[in-house]
Amino acid sequence: MDHVGPIAILVRLSALFAAVLTFGCAGPPAIPTPQRPTFSSSTQTTAPGTVEIEAGVSIDPGDRNSSPMTAKMGVTENSEIFVSWSPYTWVDRSVGGGNGGGVGDTEIGMRQRVLDFGPNEPAIAYQFKTKIPTASARQGIGNEEMDFFAAAMLEMPYGSASLVGFYQLGFLGDPTGGDPDIQHGLAISGTTPVADAIGAYGEIAGIITPERDDEQLIATGGLTYPLMDGWIFDAGLAIGLSNDAPDLQFLIGVTVNLGGIGTD
C-alpha cells in the first residue's frame, strides 16, 4: 500500500475480480446499479440473470485504507444476492504500536424490492445482511464477532434525480461475550445528473451504537461517470461531522455489469 497508488490498486483488483467472475458470463452488459460508496442502499437491484461487481479504494489518511469490493447477482426483476469484503485493509495501530494489515470482514446478504409503482413512481425495498468475521482482531482490523443487519429503504424519483430514505437496525456481536449491541443507522441520500453524462451523489448518514457510546455523523458526496457500456466510475469524499466519525475519507471506485450468466 505504501508503494502503489490507489488508482493502480483499484485497477488491479477490478481486473482480477472481473476475470474471475466473467468465467461463465457472456452477452451484453446491463445498466449497472451502483450502491457504493454511500452507507445507504437504494431500491435498485442488479438486472436479473447478470453479475455485477463494485470495486473501490477508501483512503483515510494516516488511519485506515481499505479496498471494498462487492459481487452482486440479479435473481429476479426485484431481487439480488451479494457478497462484500475488502481484499486488503491497512490500519494505523498507533496505540498498540506498528501497523496492521490483512483481509477485511465478509458480508453476505440480499435485497428485495417489495413495492414498485412503475417508472417515475416511489419504490420500497428491504435488505438483510450478515457480517462474517474474517478480519483479524490481532491486526486491529476486526473484532472477530458476527453481526446481523436488517434495513428498509424508500426511493422517490424526481425526473432524472432520485431521493432515498434509509434505516438499518444492527445487532453487533459483543467481544466481551455479552448480549449483542444494538446499532441504528439512518441516512438520506440523493443522485442527480449535473452535465452531459456526469452525475452527482450525496448523503447524510447517522450511525449510533448506544452501548458503545459511539455516534457517527458522516456527509458523503461525489461524482459519477460512465466509462463505457456497463461501467460507471465514481469519485468522492466522506467527511466526519462528529467526534466518533472518521475525519476524512477519499473514495474512488467502479461498478461493472458483466452481462448474463451462461449466455452465448
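None of these values were measured; they are calculated from a predicted model.

Basis of the calculations
Residues numbered from 1 in each chain as written. Predicted model: local features only at pLDDT ≥ 70, side-chain atom pairs only at ≥ 80, totals over all residues. Heavy atoms only, no water. Helix = DSSP H or I, 4+ residues; strand = E, 2+ residues; numbered from the N terminus. Buried < 20%, exposed > 50% of the residue type's maximum accessible area, 1.4 Å probe, protein only. Contact = heavy atoms within 4.5 Å. Areas by Shrake-Rupley, 256 points an atom, 1.4 Å probe, with all protein chains shown as cover. Phe/Tyr/Trp six-rings, centres within 6.5 Å; stacked < 30°, edge-to-face > 60°. Lys NZ or Arg CZ within 6 Å of the ring centre and 35° of its normal. Patch = residues over 30% accessible without salt bridge, like charges linked within 9 Å, V, L, I, M, F, W, Y side chains within 5 Å. Salt bridge = Lys/Arg side-chain N within 4 Å of Asp/Glu carboxyl O.

Chemist: When you look at the overall build of the protein chain in this model, what are you seeing that I'm missing?
Modeler: Regarding its fold elements, the protein chain presents one helix and 16 strands. Among the 264 residues that make up the protein chain, the fraction classed as buried is 41%. Summarising the internal contacts of the protein chain: among those between residues at least 6 apart in sequence, 52% fall at separations of at least 24. Entry remark: accessible area of the protein chain is about 13,000 Å², with carbon and sulfur atoms responsible for 62%.

Chemist: How should the packing of aromatic side chains be read in this particular structure?
Modeler: Two descriptors summarise a pair of aromatic rings, namely the distance from one centre to the other and the angle between the planes of the rings. Within the structure shown, the criterion is met by four aromatic pairs. When the ring of F128 is compared with that of F148, the centres are 6.2 Å apart and the planes differ by 20°; the resulting orientation is stacked. Here F148 lies in strand β10 (residues 147-158) and F128 lies in strand β9 (residues 123-132), a separation of 20 residues in the sequence. Owing to a relative accessible area of 37%, F128 belongs among the partly exposed residues under this scheme. Put simply, the rings of Y126, F128, F148 and F171 touch in pairs and so form one group of aromatic residues. For K129, the ring lying beneath its charged end belongs to F149, and the centroid distance is 5.5 Å.

Chemist: I tried to follow a nonpolar patch on the surface on my own but got confused; where do I start?
Modeler: Where nonpolar side chains cluster on the molecular surface, the patch consists of V194, I198, L223, Y225, L227 and M228 and spans about 550 Å² of accessible area. Among the elements that take part in the nonpolar patch, strand β14 (residues 214-228) stands out by supplying four residues, more than any other. On the secondary structure map, I198 appears in strand β13 (residues 198-209). Its relative accessible area of 30% is what places I198 among the partly exposed residues.

Chemist: For this particular structure, what's the right way to read the environment of A125?
Modeler: Along the polypeptide, A125 turns up in strand β9. Taking the relative accessible area as the measure of exposure, A125 reaches 1% and is therefore buried. A C-alpha to C-alpha distance of 8.0 Å links A125 and S42, two positions 83 residues apart in sequence. Residue contacts for A125: discarding those within four places in its chain leaves T43, Q112, R113, V114, A151, A152 and M153.

Chemist: Got a minute to help me understand unusual backbone geometry in this structure?
Modeler: Leave glycine aside and you will find that most residues have negative phi; peptide bonds, for their part, are mostly trans. With an omega of -5°, the peptide bond running from R36 to P37 counts as cis. Summarising the element assignment, P37 is placed in the loop between β1 (25-26) and β2 (50-60). Even without being a glycine, D196 presents a positive backbone phi close to 50°. Relative to the helices and strands, D196 resides in the loop between β12 (181-195) and β13. Overall, D196 belongs to the exposed group, its relative accessible area being 85%. The phi angle at D213 is positive, at roughly 50°, despite the residue not being glycine. Relative to the helices and strands, D213 is located in the loop between β13 and β14. For D213, a relative accessible area of 63% gives the class exposed.

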